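Now for the letters of each chain:
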Amino acid sequence: MNTDMLLSALIVGVVATALLDAWAWLLKSTLQVPSLRLCVLGRWLLHMPEQGMVQHHVAQQPRHRGECALGWSVHYAIGILFALGYFLMLQWLQRPPSLMIAIAYALATVVFAFFVMQPGMGAGLAARHTPKPWRARGKSMLSHGIFGVGLHISSLIVSN
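Residues numbered from 1 in each chain as written. Predicted model: local features only at pLDDT ≥ 70, side-chain atom pairs only at ≥ 80, totals over all residues. Heavy atoms only, no water.

**Student:** I would appreciate a short explanation of the environment of Met53 in the present structure.
**Tutor:** Within the secondary structure layout, Met53 lies in the loop between α2 (38-51) and α3 (67-93). Met53 sits in the partly exposed class, given a relative accessible area of 42%. For the pair Met53 and Val116, spaced 63 residues apart in the sequence, the C-alpha separation amounts to 8.8 Å. Excluding residues that lie within four positions of it along the chain, Met53 makes contacts with Trp44, Met48, Val116 and Gly120. (Helix = DSSP H or I, 4+ residues; strand = E, 2+ residues; numbered from the N terminus. Buried < 20%, exposed > 50% of the residue type's maximum accessible area, 1.4 Å probe, protein only. Contact = heavy atoms within 4.5 Å.)

**Student:** How do you make sense of the layout of surface pockets when you look at a structure like this?
**Tutor:** In this approach, a probe sized like a water molecule rolls over the atoms, and the result shows the empty space that is left. In this structure, the largest pocket occupies an estimated 1,500 Å³ of space. Lining of the largest pocket is provided by 44 residues; of these, Ser35, Leu36, Gln118, Lys139 and Ser140 occupy positions nearest its centre. Elements that contribute at least two residues to the lining of the largest pocket include exactly α1 (3-31), α2, α3, α5 (110-120) and α6 (133-159). The leading source of residues in the lining of the largest pocket is α6, at 9 residues. Residues belonging to the lining of the largest pocket are distributed by class as follows: 23 nonpolar, 17 polar and 4 charged. (1 Å grid on protein atoms, 1.4 Å probe; cavity = no way out; pocket = protein on both sides within 12 Å on 5 of 7 lines; lining within 4 Å. Points joined across faces, edges and corners; volume = space filled by probe spheres on them. Nonpolar A, V, L, I, M, F, W, Y, C, P; charged D, E, K, R; others polar.)

**Student:** Is there a simple way to explain the pattern of salt bridges in this structure?
**Tutor:** Any two side chains of opposite charge can pair if their charged atoms end up close together. A full pass over the atoms with the stated rule returns 1 salt bridge. A salt bridge links Arg43 to Glu67; its shortest N-O distance comes to 2.6 Å. Here Arg43 is found in helix α2, whereas its partner Glu67 is found in helix α3, with 24 residues between them in sequence. Residues Arg43 and Glu67 agree in their burial class; the two are buried. (Salt bridge = Lys/Arg side-chain N within 4 Å of Asp/Glu carboxyl O.)

Below is the structure:
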């Protein structure tokens, strides 16, 4: 891993995450599909020291000062880390960026959502405690796929 890879991961992670956010905004504004709740992500993280990793009804817990800024920052940091993982995987495979690899990699990252984020925030493993688990799972898969498209497009831009 070198400085160029770290800089590329920073740029690609931010761009791919921004594309994911644009997708979420489009769904919310046109189809009224609920969007990512990044302030709740920050709240979950801020409550972790006293309540542990798995918390129920995070959205109903008392708000913390700075939770939105923390949630958004962590959201983009995760995108950057996923981009770094993508570049490390490409290096290990000795392959150039490709759309199929980017989407497959991004779909694999949904494991993080299903087995860490969703259970930790009270939705259960793979959103099983949500009102419509399969809809939530499908939305997660689609969102991660969109992130994969963002990984690929921004990788091409960075490599040129």
